[in-house]
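Reading the structure
Below, each chain spelled out in residue letters.
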Amino acid sequence: QVQLVESGGGLVQTGGSLRLSCAPSGRTRSTYTMGWFRQAPGKEREFVGAITWSTNSINFVDSVKGRFTISGDSAKNTVYLQMNSLKPEDTAVYYCAARSGPYSVYDTWGQGTQVTVSS
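Fair warning: this is a prediction, and the values are worked out from it, not measured in the lab.

Right, let's talk about the pattern of salt bridges for a bit. Once their charged atoms are close, side chains differing in charge can pair, the charge on each being opposite to the other. Enumeration according to the criterion identifies 4 salt bridges in this entry. Where Arg 38 meets Asp 90, a salt bridge forms, and the shortest distance between an N and an O atom there is 3.0 Å. Here Arg 38, found in strand S4 (residues 33-39), pairs with Asp 90, found in the loop between strand S8 (78-83) and strand S9 (92-99); they are 52 residues apart in sequence, far enough to count as distant. The buried category is assigned to Arg 38, whose relative accessible area is 6%. Owing to a relative accessible area of 1%, Asp 90 belongs among the buried residues under this scheme. We note a salt bridge from Asp 62 to Lys 65, for which the minimum N-O separation is 2.9 Å. Look at the salt bridges and you will find they share partners, linking Arg 38, Glu 46, Arg 67 and Asp 90 into a network.

Another aspect to go through is the state of the cysteines. Under the defined criterion, the tally for this structure stands at 1 disulfide. The side chain of Cys 22 participates in a disulfide bridge whose partner is Cys 96; the two sulfur atoms lie 2.0 Å from each other. Given an S-S torsion of about -75°, the disulfide between Cys 22 and Cys 96 has left-handed geometry. One end of the pair, Cys 22, is in strand S3 (residues 18-25); the other, Cys 96, is in strand S9, and 74 residues separate them in sequence. What makes Cys 22 buried here is its relative accessible area of 1%.

Moving on, we come to the pairing of strand S7 (residues 68-73). Where S7 meets S8, 6 bridges bridge the pair, whose relative direction is antiparallel. Note on S8: the bridge partner recorded for Phe 68 is Met 83. Between the antiparallel neighbours S7 and S8 lie 4 residues, among them Asn 77 with a positive phi of about 50°.

Relative to the helices and strands, Thr 33 resides in strand S4. Side chain to side chain, Thr 33 and Thr 52 meet in a polar contact 3.0 Å long. The residues contacting Thr 33, other than those within four sequence positions of it, are Ala 50, Ile 51, Thr 52, Ala 97, Ala 98, Arg 99 and Tyr 106.

In this section: unusual backbone geometry. Of note, Asn 56 is a non-glycine position whose phi angle comes to about 60°, a positive value. The residue Asn 56 is located in the loop between strand S5 (46-52) and strand S6 (57-60) in this model. On the basis of relative accessible area, Asn 56 is assigned to the exposed category, the value being 54%.

With that settled, consider the packing of aromatic side chains. All chains considered together, the criterion is met by 4 aromatic pairs. Residues Phe 37 and Tyr 106 carry aromatic rings whose centres are separated by 5.0 Å and whose planes lie at 80° to one another, so their mutual orientation is edge-to-face. Taken as a pair, Phe 37 in strand S4 and Tyr 106 in the loop between S9 and strand S10 (108-109) lie far apart in primary sequence, 69 residues in all. The pair formed by Phe 37 and Tyr 106 is uniform in burial state, with each residue classed as buried. What links up through ring pairs into an aromatic cluster is the set Phe 37, Phe 47, Tyr 106 and Trp 109. One residue, Arg 19, lies across the ring of Tyr 80, its end atom 4.0 Å from the ring centre. It is Arg 45 that lies over the ring of Trp 109; its NZ or CZ is 4.0 Å from the centre.

About the thresholds
Residues numbered from 1 in each chain as written. Predicted model: local features only at pLDDT ≥ 70, side-chain atom pairs only at ≥ 80, totals over all residues. Heavy atoms only, no water. Salt bridge = Lys/Arg side-chain N within 4 Å of Asp/Glu carboxyl O. Helix = DSSP H or I, 4+ residues; strand = E, 2+ residues; numbered from the N terminus. Buried < 20%, exposed > 50% of the residue type's maximum accessible area, 1.4 Å probe, protein only. Disulfide = S-S within 2.5 Å. Pairing = 2+ DSSP bridges. Polar contact = N/O pair within 3.5 Å; in protein donor to acceptor, adjacent residues only side chain to side chain. Contact = heavy atoms within 4.5 Å. Phe/Tyr/Trp six-rings, centres within 6.5 Å; stacked < 30°, edge-to-face > 60°. Lys NZ or Arg CZ within 6 Å of the ring centre and 35° of its normal.

Now the structure itself:
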């Protein structure tokens, strides 16, 4: 079974930066889109951003635009989330996910990595 593994989370002060990485573990399969989601305590999981390999299109939720960037390697199904100018409200568990087609759901997930931004 294909799994994703995130790394790079940690504790950072307001205004700091972190870079999250996501790579497959075990068997791999082609992906259409790889995305990042996050879930803060007591809140629902929310979409953060994603990259679609075939078009190289990238989109983000409004709250992180201008601060977060996504890059990756489609051949390796590896994706990175560069987070700059972090705010306390960015504190959450960040999850990497993948889907195999434009109308598919995100069906492959990582275990999550904690990001904590102190004020």
